[in-house]
Amino acid sequence: MNGAFLVPHDITAPVTGSASGPLAGLTAMVKDMYDIVGARTGGGNPQWLAAQQPARTHAAAVAKILDAGATITGKTICDEFFYSVAGMNAHYGTPSNVRAPGRIPGGSSSGSAVAVAGGLADFALGTDCGGSIRLPASYCGIFGIRPTHGLVPADGVVDLAASFDTVGWFARDAQTLRRVGEVLLPTTPFAPKRLLIADDAFAFVGPEVSAALAAAVDRLKAALADHRHVRVYASEPAAWSGIFRVLQGSEIWRRHGDWIEAHNPSFGPGIAERFRWTRTIDPAEVERLRPQREAVARRMAELLGGDALLCLPTAPGIAPKLATPPDELEVFRARAFGLLSIAGLARLPQVALPLATMGGCPLGLSLIGPSGCDRGLLDWLAETVP
């Protein structure tokens, strides 16, 4: 692989961590929204980058992995302002999906996912607001975790929509995913006793994807004898993704709107249209939908209790081809949020597992757990799906 997954303003030399620690000997790469001392944080956009000064302190997650012994070897490309799940950046290029050549890597944590999938880092930090860890993990055939919202400090990370943003990471195996979790996550006892199969989520993706995931689902069933089929959505998946889209969009404009109007940045296709749309969101609609988000959270808490895992497809299919027309990518993106919005609305942890393929390309299966179960979930996965 060449350097197509690294930003042009990459760090000039590796940042070496402590000589000893739980991550000693591991290399890491970091999405270009985390502060690293002496480097500017670009957020995927050259105009944002130009307005930044070199960071004086590390982002909290960066400091933790360095203190634990990891060495950071690069800053990775991401979608502009992280407002896409395609992994395509009009300014810096599209990182190559080595597991599915000719197809998109998924975003917005595209460079981090590609670096791990290509064996160029042992793990990589990304973020997940709408699906920016989970979708690239599925497309690139690697493990990825979106933690419980707020469980990993996001200090020193450029935010998109604060009530949805999470610090996440990728690894090629469950043991490494756990090792990073032991550094970034608080200790929480959790041992799953029940597996819930989301029938309506599998119906949503259709028979071909469901069939491709069947063996992986059976593998999880074998690990948890108490498994049952459930319905997750109160109505159609599109209803939950609609709630997510409006609430997230409102936060995005509130956070970045003033800067956008002041600087009129040049955005790539898709990004520009989304930011224009956020400007038009009706505050009354936002207030109407806030209670509906909390209803989703209550529904998921009741379903999971304190001991269940929800099993569902990570994505509605394999990675779309690079040449897919923008309007078709937008349709696929909307469908993906039918699945991705569940954990986002409910603020829950979700781990994407690289347990299947379809048409020779990676296809992820996911587990959503109760709030705060993250460390225990990673422990269980490291023993169950090594």
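It should be emphasised that the depicted structure is a prediction, and the values quoted were computed from it without experimental measurement.

Chemist: Please explain the sheet that holds strand β6 (residues 194–198) as it appears in this structure.
Modeler: Whenever strands of a sheet pair, they do so through backbone hydrogen bonds, lying parallel or antiparallel. Reading across from one edge, β2-β1-β3-β5-β4-β9-β10-β8-β6-β7 is the order of the 10 strands in this open sheet, with mixed pairing throughout. Taken across any chain shown, the strands that pair with only one partner, and hence form the sheet edges, are β2 (71–76) and β7 (226–230). Ignoring strand direction, the axes of neighbouring strands in this sheet form an average angle of 25°. Inspection of the sheet shows strand β4 (residues 143–146) paired to strand β5 (residues 166–171) by three bridges, in the antiparallel sense. What sits directly across from Ile145, in β5, is Trp169. Lying over the sheet, helix α2 (residues 60–67) contacts β1 (27–31), β2, β3 (123–128) and β5, oriented at roughly 160° with respect to β3. Along the sheet face, helix α12 (residues 374–384) touches β4, β5, β8 (308–313), β9 (350–358) and β10 (361–368) and points at about 30° away from the line of β9.

Chemist: Would you mind showing me how to read the side chain of Lys31 here?
Modeler: As for its placement among the helices and strands, Lys31 is situated in strand β1. Despite being buried, Lys31 has no salt bridge partner; Asp79 is the closest side chain of opposite charge, sitting 6.9 Å away. A distance of 2.7 Å separates a polar atom in the side chain of Lys31 from a polar atom in the side chain of Ser108. Setting aside its immediate chain neighbours within four residues, Lys31 contacts Thr76, Cys78, Phe82, Ser108, Ser109, Ser112, Leu125, Gly126, Thr127 and Ser132.

Chemist: Help me out: how do you make sense of the nonpolar core in this one?
Modeler: Nonpolar side chains in soluble globular proteins tend to end up buried together. Core analysis: the biggest nonpolar cluster contains 122 residues, and Tyr34, Trp169, Val232, Met300 and Leu310 have the highest contact counts within it. Broken down by element, the residue count for this core peaks at 10 residues, all from helix α11 (residues 326–346). Beyond its immediate stretch of four places on either side in the chain, Val232 contacts Ala198, Asp200, Trp240, Arg299, Met300, Leu303, Leu310 and Ile342. In this structure, Val114, Ala115, Ala121 and Ala124 belong to the second largest nonpolar core, which totals 15 residues.

Chemist: Just to check I follow, could you spell out helix α8 (residues 237–263) for this structure?
Modeler: Residues spaced three or four apart along an α-helix face the same direction, because each turn holds 3.6 residues. Taking 1.5 Å of rise per residue, the 27 residues of α8 would be expected to cover 39 Å, and the 37 Å separating its terminal C-alpha atoms lies within 8% of that figure. Count one or two residues on from α8 and you reach Asn264, which has phi positive near 45°.

Chemist: Would you explain the pattern of salt bridges in this entry?
Modeler: In total, this model carries 16 salt bridges according to the counting rule given. Its salt-bridge partner being Asp32, residue Lys75 comes within 3.2 Å of it at the nearest N-O pair. Here Lys75 is found in strand β2, whereas its partner Asp32 is found in the loop between β1 and α1 (46–50), with 43 residues between them in sequence. Of the two residues, Lys75 and Asp32, both sit in the buried class. Each of Asp128, Arg134 and Arg146 takes part in salt bridges that share partners, so that together they form one network.

Chemist: What am I meant to see in the side chain of Arg146 here?
Modeler: Considering the arrangement of structural elements, one finds Arg146 in strand β4. Only 3.2 Å separates the side chain of Arg146 from the backbone oxygen of Cys129, close enough to count as a polar contact. With residues up to four places along the chain from it excluded, the contact list for Arg146 reads Asp128, Cys129, Ile133, Arg134, Phe164, Thr166, Ala343, Gly344, Leu348, Pro349 and Gln350.

Quick notes on the rules
- Once a new chain begins, its residue numbering starts again from 1 and follows that chain's sequence as written.
- This being a predicted model, a pLDDT of at least 70 is required before a residue's local features are given, and a value of 80 or more before pairs of side-chain atoms are given or counted; all residues contribute to the totals for chains, interfaces and linings.
- Values shown for side chains rest on all heavy atoms present in the structure; no hydrogens or waters enter the calculation.
- Strand pairing is defined by DSSP finding a minimum of two bridges between the two strands.
- Only DSSP runs of H or I covering at least 4 residues are called helices, and only runs of E covering at least 2 are called strands; the numbering of each starts at the N terminus.
- Angles shown run from 0 to 180 degrees and are taken between the N-to-C directions of axes, each axis being a line fitted to C-alpha atoms and, for helices, limited to the stretch in contact.
- The contact criterion used throughout is that any non-hydrogen atoms of two residues lie within 4.5 Å.
- Between buried and exposed lies partly exposed: a residue is buried under 20% and exposed over 50% of the maximum accessible area for its type, with that area taken using a 1.4 Å probe on protein chains only.
- Here the positive residues are Lys and Arg and the negative ones are Asp and Glu; neither His nor the chain ends is included.
- When a carboxyl oxygen of Asp or Glu is within 4 Å of a side-chain nitrogen of Lys or Arg, the pair counts as a salt bridge.
- Polar contact criterion, stated in full: a pair of N or O atoms within 3.5 Å, where within protein one must be able to donate a hydrogen and the other to accept it, and residues adjacent in sequence count only if both atoms are side-chain atoms.
- By nonpolar core is meant a set of buried Ala, Val, Leu, Ile, Met, Phe, Trp, Tyr and Cys residues that side-chain atoms within 4.5 Å join together.
- Multiplying one less than the number of residues by 1.5 Å gives the expected span of a helix.

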